[in-house]
Amino acid sequence: MSKNALIAVLVLVLAMAARTVEAYPNMIRLGYTSCATCHVSPQGGGVLTRYGRGIDYAQTIRSGEPPDAELPTDALSRFLYDVRLQMSVDHAQGGAEEYSFNTNFRTAIAMNAQNRLVYAFGVRSPALSLNRRMGAASLGMSRLYWMYQPRDGVALVVGRDDLPSGLGLPGASSFYRTVNNPNVSSTPTQAKVFWWNRRWQVATYAYGPDGNETQPQYEARGAGAMGGVNVWKDRAVVGLTTRVSKADAFDRRNAGLFARVGFNEHVGVLAEHDVTERELNTGRRLTHLAGHAEVFFVPYNWLQTALAAEHLNTVSGASTYRLSPSVEVRLTPNFRLQFSSRSVYANTDSRTYSVSLQVKAE
Amino acid sequence: MASKKITSTCTTIFVGLCLLPLPARAQDAADGQTKLRVRNAQVSVLCPLTIGGSFEAKTKALSGQVGMAPDASQPLDGDLLVDLQTLETGIGLRDDHLRRKYLEVERGPTFAQARLRNIRVEKLAGKTPFRATLLLHGQTRDVTGTADIKPEGDGYRLNASFPVRVSEFGIPEPTYLGVGVKDEVVVRVNLNAEPAAVATSGRSK
């Protein structure tokens, strides 16, 4: 069998056996005000609960029941996991295509109904391009935490994870984190408490370094809170975020607003904007305004489109804007395609087109 | 003094003009000659989930006609029918579960339709309590709620809502993979009603 044929077979097998899951705050359009309905982690993203997997299965062209649909409704799933493989092609304007292949493994092990251990790691391949330049492969543990849920609506999480945010979209925050929160870890060691009910959702947390900072002087310690309120018929949540942190290299204060609104089951907006003040150990003081605004249109559950606009403005400094239209086609519960472009407007404008194929096994 | 009298007279005329359309409509109905037929309706059932959030099951398949009662002590003459097979929740698989597993629409007409009859309102305009008999899932129960009735053109615009306890109608407890719908759901009805062709007699079946 030739090498190309082998790759084609591998892709086909993975496509039939795998599926992907991300955070989808646009589920507000269907009345899902809280991430905790579908995700093990109350802040969203990561492994899905049994119910979340059922809803995920139902939102594809070939929708159907998940494999464990016949189990009793109160059955405890002791071992939830997924393996995601993503093959991407990025084409930067004026540059060569780059090919990448990433694998992520995520699991949530339930000791009992109240206690879970959540673990995730990823393997990132070198980026391959036609001129054969290559980067470095990397293997990294991104999340490891213990979650204790004494009752519905309350959870305590200790370990390494993303910090809570209003929208819970990692791609949105990564756009401006390199400027308004550089050199620190995106998944610091933390302890956080979640409390939520039909109307309110609150997270408070404290965190410290996890060793992934670029230098010891960026090892930050801090605390923050996120609070949201369901203000309109389970179709609109608005809230506030705040965070303070301190490292040898800087003091940082941050406050923001967010909104998740579903006007109907097809259309809505997501928005999160914040202001950050950083005082460097050199005495320099920087103020950044950053934000993500997104209009989503979901004509069918299997066809999800969005247009996101992001900005990062440094007061008395540079401004950067990014426009990102995207389309996701959910072909089967295991297989989805994503098309997107990212146009960045700064001193030098750039545009990147991406096509990615995501497959998942669970 | 004269100014006060003029103001009072103007107010009386204004109020009179505002109320004029209502007795005229009521008179038509009281004669038994005019029935109102449903047009441009939407029924939505707000289903709160046990762990927060909610979904709405919606349909526009509301039909029927009602005749106006001569007084508030009499029920409106006629029925309103909702085709439960057209309920949609925004997720196809959930629609299928709702219709077949819980409402059991395939068991026959008394399961495939919800019927609202013996509708009694206290007044024909403005916000008013109402009572009715709901036939759902083969069971008949009285329901009460509130309605807001506004004259519009030749007919009326109505927004009404009333709670329904799922368990009272013998509907199996709706749950899916550990998440359920609370026992009390809220039905909202928005409709326009316009005069139907001249009715002869009797109640619609």
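Residues numbered from 1 in each chain as written. Chains lettered and ligands numbered in written order. Predicted model: local features only at pLDDT ≥ 70, side-chain atom pairs only at ≥ 80, totals over all residues. Heavy atoms only, no water.

Visitor: Hey, could you go over the nonpolar core for me, with residue numbers and the actual values?
Guide: Counting residues in hydrophobic clusters, the biggest one holds 62 residues, and the most contacted among them are Tyr51 of chain A together with Leu62, Leu134, Phe162 and Leu191 of chain B. Tallying contributions element by element places strand β1 (residues 35–48) of chain B first for this core, with 6 residues. When residues no more than four places from it in sequence are discounted, the contact partners of Tyr51 of chain A are Tyr32, Thr37 and Cys38 of chain A together with Leu49, Arg94, Tyr176, Leu177 and Val179 of chain B. Among the nonpolar cores identified, the runner-up in size contains 24 residues, and Ile28, Val118, Met147 and Leu270 of chain A belong to it. (Core = buried A, V, L, I, M, F, W, Y, C linked by side-chain atoms within 4.5 Å. Buried < 20%, exposed > 50% of the residue type's maximum accessible area, 1.4 Å probe, protein only. Helix = DSSP H or I, 4+ residues; strand = E, 2+ residues; numbered from the N terminus. Contact = heavy atoms within 4.5 Å.)

Visitor: For the interface of chain A and chain B, give the residues involved together with the corresponding values.
Guide: Facing the 22 residues of chain A at the interface are 21 residues of chain B. Where chain A abuts chain B, roughly 1,900 Å² becomes buried across the two surfaces, and 54% of that area is made up of carbon and sulfur atoms. The interface formed by chain A and chain B contains 1 salt bridge. Here Arg235 of chain A ties to Glu56 of chain B by a salt bridge, and the two come within 3.9 Å at their closest N and O atoms. (Buried area = accessible area lost by both parts, 1.4 Å probe. Salt bridge = Lys/Arg side-chain N within 4 Å of Asp/Glu carboxyl O.)

Visitor: Any details on the packing of aromatic side chains? Residues and values, ideally.
Guide: All names here are of chain A. As enumerated under the stated definition, the model contains 10 aromatic pairs over all chains in all. Summarising the aromatic geometry, the rings of Tyr32 and Tyr51 are spaced 6.3 Å apart at their centres and angled 50° between planes, so their arrangement reads as tilted. Of this pair, Tyr32 sits in the loop between α1 (3–17) and α2 (50–58) while Tyr51 sits in helix α2, and the two are 19 residues apart along the sequence. Since its relative accessible area comes to 4%, Tyr51 is described here as buried. Pairing Tyr300 with Trp302 gives two aromatic rings, centres 5.3 Å apart and planes at 5°, and the pair type is stacked. (Phe/Tyr/Trp six-rings, centres within 6.5 Å; stacked < 30°, edge-to-face > 60°.)

Visitor: Outline the side chain of Ser343 of chain A, listing residues and values.
Guide: Residues and elements named next belong to chain A. With respect to the helices and strands, Ser343 occurs in strand β16 (residues 335–345). Its relative accessible area of 5% is what places Ser343 among the buried residues. Ignoring anything within four residues of it in the chain, the contact list for Ser343 reads Tyr321, Arg322, Leu323, Ser350 and Arg351.

Visitor: Can you break down the pattern of salt bridges residue by residue, with the values?
Guide: All names here are of chain A. Considering all chains together, one arrives at 30 salt bridges over all chains under this definition. Here Asp82 and Arg106 are joined by a salt bridge, their closest N and O atoms 3.1 Å apart. Here Asp82 is found in strand β1 (residues 79–92), whereas its partner Arg106 is found in strand β2 (residues 97–110), with 24 residues between them in sequence. Neither Asp82 nor Arg106 differs from the other in exposure class; each is buried. Each of Asp56, Glu328, Arg330 and Arg336 takes part in salt bridges that share partners, so that together they form one network.

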